[in-house]
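Geometric and topological summary
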Amino acid sequence: MSKPILVGLLRLVDSAPLILAEADGLFAQQGIDVEIHIEPSWSNIADKLAYNILDAAVMLPPLALAACAGLRGPRTRLVVPMSLSQGGNAIVGNHAAANSLKADRSPPGIRLLEWLQAQQTRPRFAVVHAFSTHNLLLRYWLASGGADPDRDIETVVIPPEEVVAALAAGTISGFCAGAPWGDVAERENAGQILVGTSVIWPFHPEKCLCFSGAWSEANPELTHRLLRAVLQAQVRCDRSEEAARIAALLADPKRLNLPEEASRAALPGGEGQERIRFHTRDAWFPARTHALWFLGQMRRWGWLDERIDMAAVAAQVYRPDLLTSAVQAEGLYPAAGLPSLEGSAMLPMPNDEAFAPKLR
Amino acid sequence: MKVLLTDDNAERAGAVAHVLVADEGLSVVRLMPGDPLAEALAALAPDVVLVDMARPDRDALDGIRQVTAPSARPVVLFVDEDDPTFMEEAINARVASYNAVGIATGYQAHPAPRRGAVPAAPAGTGRVEAGGSTPAGPDSD
């Protein structure tokens, strides 16, 4: 064994499969040496993948797509052979917003527009990254109630561990962030969960496992083994009887040092309003239809040039074919074989009729 | 051109500010430790941001042109895109590089020094004192 495989991740509950794979020796069982690097920001992960300082990472799918479409600097060749998790995010508002919206939240109705219009300045909403599922789902939800996220709110980017304090201080009126921050906001009485993102899009893809395209191409065998180990870890992460142990691992100061109770609440079988799913409902399958949904939303908001071929970007980045051998080795698919590339395992999309934004 | 310098390492930031203020064409604003990057971007609308790669709030810069501040001037240039080796070194030196659109070419900043190191002063700007004795860069506007 030569150089270890360098895998980046952030301090988040969705990083659990990588942490568990290391703790349970699943990487070693596959004969690979994996070095986990905890990074301070998504930008760091994207930059380090782009410049081959990391070989793979836990990643936001829209950020991987944006990097490959050239929206954040030079075009980067990244590949996503597997999806890592579903759900887990919450849209949180301050008490005034929550009281104004009442139960009128899914989709949000006239009360959202009334609350927005009553604000003297555009309310600020924080997301964890511009090119995040959080931002795209927040904008989708706002638009589904007839609001224009560019005109009616101000979007700021704040690290997830700082959003609850910003909400409590009144610096922001709301946020969309991953677990456990929605529940933490409620527990600290800083605000209320308006809607979990699984309500907006049931079983929506959340994090993915992203590889440097160059590394993956040069190391097909290592890619295969890494994927096998993570697939095994995902299965374990979805067992509610493992959740207490996994939360303890995530809380380990030598690992991610996350708040144990809040992590436990976000794991399968937990008490959080939004919980993360890692394996069931084909959470691992990187359907290109998902990539196309993310790209379509980026185009909808004018971030993606008309000249960029969305289908080509989706096909270049989302590579379920790279997962085939690992899935077969793990016996995860029945004899009928893998779904077609476009994904018979596709998850239900939000109903665009019900969520269609009004014109400006 | 307004430069926002964001680096909680006072010694390094002081040294970089010292080099930058020598250029009369630049007004340099330093973000003090603990100040949120997102607010400084909104308040100052800098032409260029020099950022410590390891800042947890660095994500506020990513996609800013498309998403969070469509009217703002584009952010940072640091390294020539045609020089991947140089770029990699800059990344290793904890300096981020973004594509800048609409900023005059021909201007290329030096990569910031590695942590703890004192930068070599470019010719003609005089010696940079070790130990962070350089005063904070002047605030502009």
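Every value quoted in this text rests on a predicted model; they were computed, and no experiment measured them. (Residues numbered from 1 in each chain as written. Chains lettered and ligands numbered in written order. Predicted model: local features only at pLDDT ≥ 70, side-chain atom pairs only at ≥ 80, totals over all residues.)

This part takes up the nonpolar core. Residue and element names in this part refer to chain A. By size, the foremost hydrophobic cluster in this structure holds 150 residues, and its most contacted members are Ala 64, Cys 210 and Val 317. When residues in this core are grouped by element, the largest group, eight residues, is from helix 13 (residues 220-237). Lining this core are residues from two domains, each supplying at least three of them: domain 1 (5-86 + 205-329) and domain 2 (90-200). Those residues within four positions of Ala 64 in sequence are excluded, and the remaining contacts are Met 59, Leu 78, Val 80, Cys 208, Cys 210 and Val 317. (Core = buried A, V, L, I, M, F, W, Y, C linked by C-beta atoms within 7 Å. Buried ≥ 20, exposed ≤ 12 C-beta atoms within 10 Å, placed from the backbone. Helix = DSSP H or I, 4+ residues; strand = E, 2+ residues; numbered from the N terminus. Domains from an automatic or database assignment. Contact = placed C-beta atoms within 7 Å.)

So, about the packing of helix 16 (residues 288-300) of chain A against helix 17 (residues 310-317) of chain A. Residue and element names in this part refer to chain A. Close contact between helix 16 and helix 17 brings their axes to 9 Å; oriented N to C, the two are set at 135°. By the angle class used here, helix 16 and helix 17 are oblique. As for the relative orientation of helix 16 and helix 17, their crossing is right-handed in sense. Residues Arg 288, Ala 291, Leu 292, Leu 295, Gly 296 and Arg 299 of helix 16 form the contact with helix 17, whose own contacting residues are Met 310, Ala 311, Val 313, Ala 314, Ala 315 and Val 317. Among the residues making up the contact of helix 16 with helix 17, the classes are represented as nine nonpolar, one polar and two charged. (Axes fitted to C-alpha atoms, helices over the stretch in contact; angles between N-to-C directions. Parallel < 35°, antiparallel > 145°, perpendicular 65-115°, else oblique. Left-handed = near helix turned anticlockwise from the far one by under 90°. Nonpolar A, V, L, I, M, F, W, Y, C, P; charged D, E, K, R; others polar.)

Time to look at unusual backbone geometry. Residue and element names in this part refer to chain A. Of note, the bond from Ala 179 into Pro 180 is cis; its omega dihedral lies within 30 degrees of zero at 5°. By the secondary structure assignment, Pro 180 is in the loop between strand 8 (174-177) and helix 10 (181-187). Residues other than glycine seldom take positive phi values, yet Asn 52 does so here, at roughly 60°. Note on Asn 52: 14 C-beta atoms within 10 Å, which makes it partly exposed. The residue Asn 189 is not glycine, and still its phi comes out positive at about 60°.

Residues and elements named next belong to chain B. Of all five residues in strand 2 (residues 27-31), four are buried, a share of seventy percent or more. Direction of pairing for strand 1 (residues 2-6) relative to strand 2: parallel, over a ladder of five bridges. Among the inter-strand pairings, Leu 5 is bridged to a residue of strand 2, identified as Arg 30. (Pairing = 2+ DSSP bridges.)

For the rest of this paragraph, the subject is the domain arrangement of chain A. Residue and element names in this part refer to chain A. The domain boundaries assigned to chain A delineate domain 1 (5-86 + 205-329) and domain 2 (90-200). One C-alpha centre belongs to domain 1, the other to domain 2; they are set 25 Å apart. Taken together, the contacts link 22 residues of domain 1 with 18 residues of domain 2. For the side of domain 1 that touches domain 2, the secondary-structure elements that each account for two or more residues are helix 4 (61-68), helix 15 (260-266) and helix 16. Grouping the amino acids of the side of domain 1 that touches domain 2 by side-chain chemistry returns 15 nonpolar, four polar and three charged.

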